[in-house]
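Now for the letters of each chain:
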Amino acid sequence: MPLLIKRALALEGGGLRGIYTAGVLESFLEAGIEFPYIIGVSAGVGYGCSYVSKQPGRNLAVLVGYRNDRRYLSLWSYIKTGNYFGLDFIYGDIPLTLIPFDIKTFIDSPVRFVTVCTDCTSGEAVYFEKNKDILTVMKASSALPYASKMVEYQGRKFLDGAISDAIPLKRAIADGFTHTVTILTQPKGFRKKEEYHPPDFLFYRNYPRLSAALKTRVRRYNESLDFAVSEAEGGRNIIIQPSQDLGVTRTEKSVPKLVSLYELGKKDGKQALPLITGRTTL
C-alpha cells in the first residue's frame, strides 16, 4: 500500500544536476511513498513526471542513453534548432517513442502536479496544472534564456520557470500546504553568484519585463533559498540536497559523474525517509 505523505513536494531545476532529484525520487518510489501535491521547475518537473507515472529507472535510462547524443545537448542542436538543450528531442522523441512516458498513468494519478513557467511579456511566473499538454508545458519550463527559443503555448510565449520562481515553495504554501519537502540540487551553503547578461538588444529588447526579471533572478533565487532554510528551521520544511559536492555542472558531459550524482540522490533520499514519514522503518 502506498504511504501518502501529507506535505507538498517542491522540486527546483538545475539542468543535468537534476539527476540528483531523479535519484531522490527513485528512493521514494522504492519506499512506496506519495505526495498529494508536487510543484516543480525546469528539470525538476522533467524528472518529477516519471515519479508520478511510476516508471522506476526511466530517468536514469534517458540520461545514460542520450546524454551524449547531439540531439540532446550540443552546439549542433543550438545551431540546427535554436535550442542548446534539444527540447523537441527531450520532450518529443524520447517520451513519445524512444523511452516512452506513461502519460495515461500520469494524468490519471490523483497527485496535483504544478509546473512553473515564465511569461516572456510580463516576466512573471505562470503556474500550470497537470493536463494533456504536459510535454509542451515542461518544454516551456525548461527553455533556458539565451540558449533556447521561446515556447509558444496558449497564445503566449514562455521561458524557464526558474527565471521567475526557481524554488516554488511559497506557491506550495499558498496552495494550502503548510508543511513541505524541498529537493535542491546544490549542496548546503550554496549561494548563487551574479551572472553575465548579454545586452538586451541582442535577445530581449521587445521584452523589457523579461530582461528586468533576468537581471534580478540571482537575488531572488538566494532569497528563495533563504526562505526554504527558514521554513526548515521552523520545522515546516524538510530539505533534501546533495550531501557531497560532486562538481556536476548544469551541462555535465561525464555520464559516470551524472550516475554518481543519481546514486547520491538515492542514498540521501533513503536517509531522509524516517524524517519524512515519521517512521524508523518502512
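What counts as what
- Residues numbered from 1 in each chain as written.
- Predicted model: local features only at pLDDT ≥ 70, side-chain atom pairs only at ≥ 80, totals over all residues.
- Heavy atoms only, no water.
- Helix = DSSP H or I, 4+ residues; strand = E, 2+ residues; numbered from the N terminus.
- Buried < 20%, exposed > 50% of the residue type's maximum accessible area, 1.4 Å probe, protein only.
- Contact = heavy atoms within 4.5 Å.
- Areas by Shrake-Rupley, 256 points an atom, 1.4 Å probe, with all protein chains shown as cover.
- Lys, Arg positive; Asp, Glu negative; His and termini not counted.
- Charge placed at Lys NZ, Arg CZ, Asp CG, Glu CD.
- Axes fitted to C-alpha atoms, helices over the stretch in contact; angles between N-to-C directions.
- Parallel < 35°, antiparallel > 145°, perpendicular 65-115°, else oblique.
- Left-handed = near helix turned anticlockwise from the far one by under 90°.
- Nonpolar A, V, L, I, M, F, W, Y, C, P; charged D, E, K, R; others polar.
- Salt bridge = Lys/Arg side-chain N within 4 Å of Asp/Glu carboxyl O.
- Polar contact = N/O pair within 3.5 Å; in protein donor to acceptor, adjacent residues only side chain to side chain.
- 1 Å grid on protein atoms, 1.4 Å probe; cavity = no way out; pocket = protein on both sides within 12 Å on 5 of 7 lines; lining within 4 Å.
- Points joined across faces, edges and corners; volume = space filled by probe spheres on them.
- Pairing = 2+ DSSP bridges.

## Some thoughts on the overall build of the protein chain
Across its full length, the protein chain holds 12 helices and 10 strands. Considered along the principal axes of its C-alpha atoms, the protein chain spans approximately 55 × 40 × 35 Å. With 282 residues in all, the protein chain has 55% of them scored as buried. At a minimum sequence separation of 6, the contacts of the protein chain that also span at least 24 residues come to 73%. Summing over all exposed atoms, the protein chain offers an accessible surface of approximately 12,800 Å²; the carbon and sulfur share of this is 53%. Between the centroid of the 37 positive side chains of the protein chain and the centroid of its 28 negative side chains there is a distance of 1 Å.

## Regarding the packing of helix 1 (residues 19-31) against helix 12 (residues 255-277)
In contact at an axis separation of 6 Å, helix 1 and helix 12 are set at 45 degrees when each is read in the N-to-C sense. One finds that helix 1 runs oblique with respect to helix 12. Here the hand of the crossing between helix 1 and helix 12 comes out right-handed. Facing I19, Y20, A22, G23, V24, E26, S27, F28, E30 and A31 of helix 1, the residues of helix 12 in contact are L258, L261, Y262, L264, G265, K266, D268, G269, K270, L273 and I276. Tallied by class, residues from the contact of helix 1 with helix 12 come to 12 nonpolar, 4 polar and 5 charged.

## What to know about the side chain of D160
With respect to the helices and strands, D160 occurs in strand 8 (residues 156-160). The charged side chain of D160 is buried without a salt bridge, its nearest counter-charge being R217 at 4.6 Å. Within the structure, D160 has its side chain in polar contact with the backbone nitrogen of A162 (distance 3.0 Å). Filtering out sequence-adjacent residues up to four positions away, D160 remains in contact with V41, S42, T118, A140, S141, A143, L144 and P145.

## Here's the deal with the layout of surface pockets
The gaps of empty space that remain are located by a probe, the size of a water molecule, rolled over the atoms. Each pocket or cavity is described by its volume, and for the largest pocket that value is around 480 Å³. Lining the largest pocket are 22 residues, with R17, K192, E195, R217 and R250 sitting closest to its centre. Going through the elements one at a time, helix 8 (162-165) and helix 11 (208-233) are the ones with two or more residues in the lining of the largest pocket. Within the lining of the largest pocket, the residues separate by chemical class into 9 nonpolar, 6 polar and 7 charged. Per-element tally for the lining of the second largest pocket: the top contributor is helix 11, with 5 residues. For the lining of the second largest pocket, a count of residues per class yields 8 nonpolar, 3 polar and 3 charged.

## Concerning the pairing of strand 4 (residues 37-41)
Side-chain direction in a regular strand flips from residue to residue, so the side chains alternate between the two faces of the sheet. In terms of burial, strand 4 is largely enclosed, as 5 of its 5 residues are buried. Alternating residues of strand 4 divide into Y37, I39 and V41 and I38 and G40, and every residue in both groups is buried. Sheet analysis places strand 2 (residues 8-11) next to strand 4, joined by 4 bridges and oriented parallel. Bridge pairing in strand 4 places L11 opposite G40. Bridging between strand 4 and strand 5 (residues 112-119) involves 5 bridges; their strand directions are parallel. Its bridge partner lying in strand 5, G40 is registered against T115.

## A few points about empty space enclosed by the protein
One pass over the structure, following the stated rule, counts 2 cavities of 30 Å³ or more. Taken as a whole, the largest cavity holds about 350 Å³ of empty space. Forming the boundary of the largest cavity are 24 residues, of which G46, Y47, Y72, I90 and Y91 lie nearest the centre. For the lining of the largest cavity, the elements supplying multiple residues, two or more each, are helix 2 (43-52), helix 3 (58-66), helix 5 (87-98) and helix 7 (134-141). Broken down by element, the residue count for the lining of the largest cavity peaks at 5 residues, all from helix 5. Residue classes in the lining of the largest cavity are distributed as 17 nonpolar, 5 polar and 2 charged. Here the second largest cavity defines a volume of roughly 50 Å³. Around the second largest cavity, the lining residues are A22, L25, E26, L29, Y47, S50, Y51, Q55, P56, G57, R58 and N59. For the lining of the second largest cavity, the element with the highest residue contribution is helix 1, accounting for 4 residues. Among the residues making up the lining of the second largest cavity, the classes are represented as 6 nonpolar, 4 polar and 2 charged.

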